[in-house]
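# Structure assessment
Here are the chains, one letter per residue:
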Amino acid sequence: MNHRVQAGAGGLLHSVCVQHELYKNAARQSLGTFNINSFTSCVKRDFKGTFGLFKDTPEEKWILAIAPSLELATVVPPASALIASVQAARRAAVPAAPLVAASVPPAACVRATPAAPAAVNEEVNVMGFTFREVEQVLHMDTEGFGELLQQAEQLAAETEAVSELPHVERNLQEIQQAGERLRSRTLTRTSQDTADVKASILLGSRGLDIFHISQRLESLSAATTFEPLEPVKDTDIQGFLKNERDNALLSAIEESRRRTFLLAEEYHRDSMLVQWEQVKQRVLHTLLGAGEDALDFSQEVEPSFVSEVGIPGRSALDSVEVAYSRQIYIFNEKIVNGHLQPNLGDLCASVAESLDDKNVSDMWLMVKQMTDVLLVPAKDTLKSRVSVDMQMAFVRQALQFLENSYKNYTMVTVFGNLHQAQLGGVPGTYQLVCSFLNIKLPTPLPGMQDGEVEGHPVWALIYFCLRCGDLSAAMQVVNRAQHQLGDFKIWFQEYMNSPDRRLSPATENKLRLHYRRVLRNSADPYKRAVYCLIGKCDIGDNHGEVADKTEDYLWLKLNQVCFDEDGSSSPQDRMTLAQLQKQLLEDYGESHFSASHQPFLYFQVLFLTAQFEAAIAFLFRVERLRSHAVHVALVLYELKLLLKSSGQSAQLLSQEAGDPPMVRRLNFIRLLMLYTRKFESTDPREALQYFYFLRNEKDSQGENMFMRCVSELVIESREFDMLLGRLEKDGSRKPGVIDKFAGDTRAIITKVASEAENKGLFEEAVKLYELAKNADKVLELINKLLSPVIAQVSEPQSNKERLKNMAVAIAERYRTNGIAGEKSVDSTFYLLLDLMTFFDEYHAGHIDRAYDVIERLKLVPLSQDSVEERVAAFRNFSDEIRHNLSEVLLATMNILFTQYKRLKGAAAGTPGRPQRTLEDRDMLLRSQARALITFAGMIPYRMAGDTNARLVQMEVLMN
């Protein structure tokens, strides 16, 4: 009985502690009211489970007597319930922890609590404690309950103050479940320790020491970088010095590592920049635009069923481009051979004559007219172009072209209508204009002033004589009608005698004043037009009644351009060339002139106003007219009249900072490369002719553009022999196309070879370096090519066979002509050839020949005495030799092993052979094998794969 009571009391004490903490937390959370029925059943279950050992005993009856008496208890607030529960628990002298949270008044608890049965003795020993001692412990915790009571009341007051927070109702069973979950979480923390113990037991039974293994694993360092060592005490001199030395080494290693990474990143960045620059240039050369209106989608594109990429072996040039390229060839031949430089404009104009195209013929006639100016030698083309004398010369040439064109037009019109024109037999411009007016103005127009001359209005005759560029004819009309014209005859005589077609400032002011007072609103359009021409006034009037064509408007405006800066003219009476250029290029633009439908007209408008670069860039965008634009640019370039972009990456037409407002620059290099890209792969000879114009140009990196374009052309077309020449069998060089353009072809060939090497075309680079007579680079590259293939099996049409033939040919030429490169590169080359012979014999099964070759090469030791010597010599070998060392060792060991097996077979087949000789030979082979093993272990080189294992395996088989 005492044993049962003692065990039950132990469980009771544990239950008191657990329930006490559980209900204490519940009181802190102020869980509100409880269901008394649930509480009663909970009490019965808990105490039955705890005191199951008292079944069918007076103790059980005493415990069960408590719960029914609580069913009559009323529910009170949590604070009163806490006091009542504590008092009831103390009076009952039983584990009252489950009753702490019950809402029971003190009086009800006193009346309902029966006396403890006599069987429960206060002296019963519960885990070493009596019930009285337990009661004392509970009594001592009353003060804790008091403090808990105060906290609960304060928490309840705070909760009730917040009316929007809902109350949480939870019964004792739910509280117990929450407590069990908290307890289970706490227990899981110790599960890892339990698992470690189980693992130790399991692995310990297998003979593994988990404790020491764990310590060794923890001692491992996961540091990925060199870290400085911790300093030692000052008294440890040796340790301090050792530590400083180690720290210095680690610092040097870390600094070297950092510099290596920085250097690698810098090289990578530079390489990426160079590659991006090349790609950018390729992209820019592909695009054909110049600015926002780069692609003219309004232009009608003729349908074509022929691919832009020419058929291999067939020219990609059309008939017009072939005709132009022929003239370029003639021009370059004259220059290369030292003859007098011909006029490129005349050569290109001859192409227009053969094309039977009036627009092209007129274009080249205009180009020749505009470039027929007094060229001033100047290093700065911009300075020459913007000078007043040059601009005045351009305007004079433009006016002369327009006047000659209009005179030809009048002649064609008159001779096409001779009956109506009534030309007569008197030659001259005056009679021509009269005949032309018979067609153009058959009846006098209303509003004509100052009478007529021979039936034609006076001012119409004067205007059309001026339009044809014949001032004498106009003066003839003035003389016939001088009585009706007032002071105009005096003004016109001064204008006619002026070298620059300009009145004096005083006369000009008089004429302008007369125009503003009398003629501004005149009904005679020809009179107003003539006065505006002579006096360069009223620049805002376009004179649409007279100048109904673009050429007429352009002629009228060019006559009104002023170049002096006297300041006497008002803004409405002054127009500069820059203002006219801006008006035509920017204000009106392509849409105003219907440039997509009339490209030659818009090109003429720009070119006659000295906007050469803008005109060429526009014409270049028209696919069918691109060849004309390129050759116009070439003519201007040769005459030093073309303004070029300072950078190759600029747009086709650009405006640079610091230039005058209406100055545009043309990317001449890009223009030429865009044009040749079409046919450089099919017609490299013709492309080379165009690249010769770039012989004096340099790119952004200072590299000669001719050499750069030639190198790209050779690599793209792969026409090495045709363009650069080729080597004959005797070592002499047969000239190529490039020889006529450059005196020193070695520099160009070296440039091409370098480009081929950078692109990974090593075989082509070897041939090119040999053309350039650069033996060191030839041997260096051929060594790199031979190194990966010498150990391969030689087969027909294989890489090894092709490279072997190339290397043998180079070796024969160099030995014949006494050519040698740097000593180390030269020795490596011939050693690689010998190793190739060794592997060829080895793969062919000629063991003895292969053994003789490797023995003569003295690359690996075949005796213990020569191991040290071969190891020392190994340090002088290049990487191309070292990379093949593992294959050489394996092949040599295989030869020794084959000889060993053959020796054993011979000994068994010929028993009469002297035993002493066989043993000596056997010992020699095994000694050689051991020498190879020793050599492989001593050399400061990590060989590939399982080389050492295979060597040892064969050496073991020999023993």
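Quick caveat: nothing in here was measured; it's all calculated off a predicted structure.

## Considering the overall build of the chain
Counting secondary structure elements, the chain contains 45 helices and six strands. Burial analysis of the chain (959 residues in total) assigns 45% to the buried set. Counting only contacts in the chain whose residues sit at least 6 apart along the sequence, the fraction spanning at least 24 positions is 64%. When the accessible surface of the chain is split by element, carbon and sulfur atoms take 53% of a total near 51900 Å².

## Details of the pattern of salt bridges
Applying the stated criterion to the full structure yields 43 salt bridges. For Lys751, the salt bridge is made with Glu703, and the minimal N-O distance between the two is 2.2 Å. In this pair, Lys751 sits in helix α35 (residues 745-758) while Glu703 sits in the loop between α32 (684-691) and α33 (705-717), placing the two residues 48 residues apart along the sequence. What you see here is one network of salt bridges that share partners, running through Lys582, Glu586, Asp587 and Arg664.

## Looking at the nonpolar core
If you look at the biggest cluster of nonpolar residues, it comprises 227 residues, and the most contacted ones within it are Trp364, Ile462, Phe488, Phe492, Phe607, Leu786 and Phe829. Residue contacts for Leu786: discarding those within four places in its chain leaves Leu803, Ala807, Phe829, Leu832, Leu833 and Met836.

## Some remarks on the packing of α32 against α33
Helix-helix packing: each pair is described by the crossing angle between the helix axes and the interaxial distance. Two elements in contact, α32 and α33, have axes separated by 10 Å at closest approach and are oriented at 170 degrees. As summarised for this structure, α32 and α33 are arranged roughly antiparallel, according to the angle between their axes. Only Phe706, Cys709, Val710, Leu713 and Ser717 of α33 make contact with α32, whose side of the interface consists of Pro684, Ala687, Leu688 and Phe691. Grouping the amino acids of the contact of α32 with α33 by side-chain chemistry returns eight nonpolar, one polar and no charged.

## Details of the packing of helix α15 (residues 358-371) against helix α17 (residues 388-416)
Contact pair α15 / α17: the axes reach a minimum separation of 9 Å and the direction vectors enclose 145 degrees. The two elements α15 and α17 cross, and the hand of that crossing is right-handed. Residues Asp362, Leu365, Met366, Gln369 and Met370 of α15 form the contact with α17, whose participating residues are Phe394, Gln397, Ala398, Gln400 and Phe401. Across the contact of α15 with α17, the residue classes break down as six nonpolar, three polar and one charged.

## Notes on a nonpolar patch on the surface
On the surface, Leu202, Leu203, Leu208, Ile213 and Leu217 cluster together into a nonpolar patch covering about 440 Å² of accessible area. At the level of secondary structure, the elements contributing two or more residues to the nonpolar patch comprise α10 (191-204) and α11 (210-219). Positionally, Leu203 belongs in helix α10. Residue Leu203 is classed as partly exposed on the basis of its relative accessible area of 32%.

## Focus: helix α27 (residues 577-592)
An α-helical turn contains 3.6 residues, so a residue and the one three or four places further along point in the same direction. With 16 residues, α27 should cover 22 Å at 1.5 Å per step; its first-to-last C-alpha distance of 20 Å lies more than 12% under that length. Considering bend angle alone, the principal kink of α27 is centred on Glu586 and spans about 35 degrees. Looking at the buried side of α27, the elements it contacts are α17, α26 (550-559), α28 (599-608) and α29 (612-620). Backbone geometry just downstream of α27 places Ser594 in the positive-phi region, at approximately 50 degrees.

## As for the packing of aromatic side chains
For the structure shown, the criterion picks out 35 aromatic pairs. With centroids separated by 5.6 Å and ring planes inclined at 65 degrees, the aromatic side chains of Phe436 and Phe464 adopt a geometry described as edge-to-face. Of this pair, Phe436 sits in helix α19 (residues 429-440) while Phe464 sits in helix α20 (residues 458-467), and the two are 28 residues apart along the sequence. Residue classification places Phe436 among the buried residues on the basis of a relative accessible area of 4%. Ring geometry for Phe593 and Tyr602: centres 5.8 Å apart, planes at 40 degrees, overall tilted. When sorted by exposure, Phe593 lands in the same class as Tyr602, which is buried. Through a chain of ring-to-ring contacts, three or more aromatic side chains come together here, namely Tyr406, Tyr409, Phe436, Tyr463, Phe464, Tyr526 and Trp555. The residue whose ring lies beneath Arg695 is Tyr692, and the NZ or CZ to ring-centre distance is 4.2 Å.

## Side note on the confidence of the model for the chain
In the predicted model, the chain carries a mean pLDDT of 77, and 75% of its residues have values of at least 70. In the predicted structure, residues 1-40 sits below a pLDDT of 50 and forms 76 contacts with residues beyond four places in sequence or in another chain.

## Brief notes about the side chain of Ser325
The residue Ser325 is located in helix α13 (residues 319-336) in this model. We classify Ser325 as buried; its relative accessible area is 9%. Here Val322 takes part through its backbone oxygen, which lies 2.7 Å from a polar atom of the side chain of Ser325. When sequence neighbours within four positions are dropped, the list of residues in contact with Ser325 reads Leu317, Glu686 and Tyr690.

## Concerning unusual backbone geometry
With phi around 65 degrees, Ala610 is a residue other than glycine that occupies positive phi space. Look at Ala610 and you get buried, because its relative accessible area is 9%. Even without a glycine there, the phi angle at Lys640 is positive, about 60 degrees. For Lys640, the position within the fold is in the loop between α30 (626-638) and β3 (653-654). Under the relative-accessibility criterion, Lys640 is labelled exposed at 56%.

## Some remarks on the state of the cysteines
Counted according to the given criterion, the structure contains zero disulfides. The structure places no disulfide on Cys434, whose sulfur is separated from the nearest cysteine sulfur, that of Cys465, by 7.1 Å. No disulfide involves Cys465; its sulfur sits 6.9 Å from that of Cys468, the nearest cysteine. Take Cys465: its relative accessible area is 0%, and that puts it in the buried class.

## Concerning the environment of Arg921
With respect to the helices, strands and loops of the structure, Arg921 is situated in helix α44 (residues 915-938). On a C-alpha basis, the gap between Arg921 and Leu903 in space is 8.1 Å, while along the polypeptide they are 18 residues apart.

What counts as what
- Residues numbered from 1 in each chain as written.
- Predicted model: local features only at pLDDT ≥ 70, side-chain atom pairs only at ≥ 80, totals over all residues.
- Heavy atoms only, no water.
- Helix = DSSP H or I, 4+ residues; strand = E, 2+ residues; numbered from the N terminus.
- Buried < 20%, exposed > 50% of the residue type's maximum accessible area, 1.4 Å probe, protein only.
- Contact = heavy atoms within 4.5 Å.
- Areas by Shrake-Rupley, 256 points an atom, 1.4 Å probe, with all protein chains shown as cover.
- Salt bridge = Lys/Arg side-chain N within 4 Å of Asp/Glu carboxyl O.
- Core = buried A, V, L, I, M, F, W, Y, C linked by side-chain atoms within 4.5 Å.
- Axes fitted to C-alpha atoms, helices over the stretch in contact; angles between N-to-C directions.
- Parallel < 35°, antiparallel > 145°, perpendicular 65-115°, else oblique.
- Nonpolar A, V, L, I, M, F, W, Y, C, P; charged D, E, K, R; others polar.
- Left-handed = near helix turned anticlockwise from the far one by under 90°.
- Patch = residues over 30% accessible without salt bridge, like charges linked within 9 Å, V, L, I, M, F, W, Y side chains within 5 Å.
- Expected span 1.5 Å × (residues − 1).
- Bend = angle between axes of the 7 residues up to and from the residue.
- Phe/Tyr/Trp six-rings, centres within 6.5 Å; stacked < 30°, edge-to-face > 60°.
- Lys NZ or Arg CZ within 6 Å of the ring centre and 35° of its normal.
- pLDDT = per-residue confidence, 0-100.
- Polar contact = N/O pair within 3.5 Å; in protein donor to acceptor, adjacent residues only side chain to side chain.
- Disulfide = S-S within 2.5 Å.

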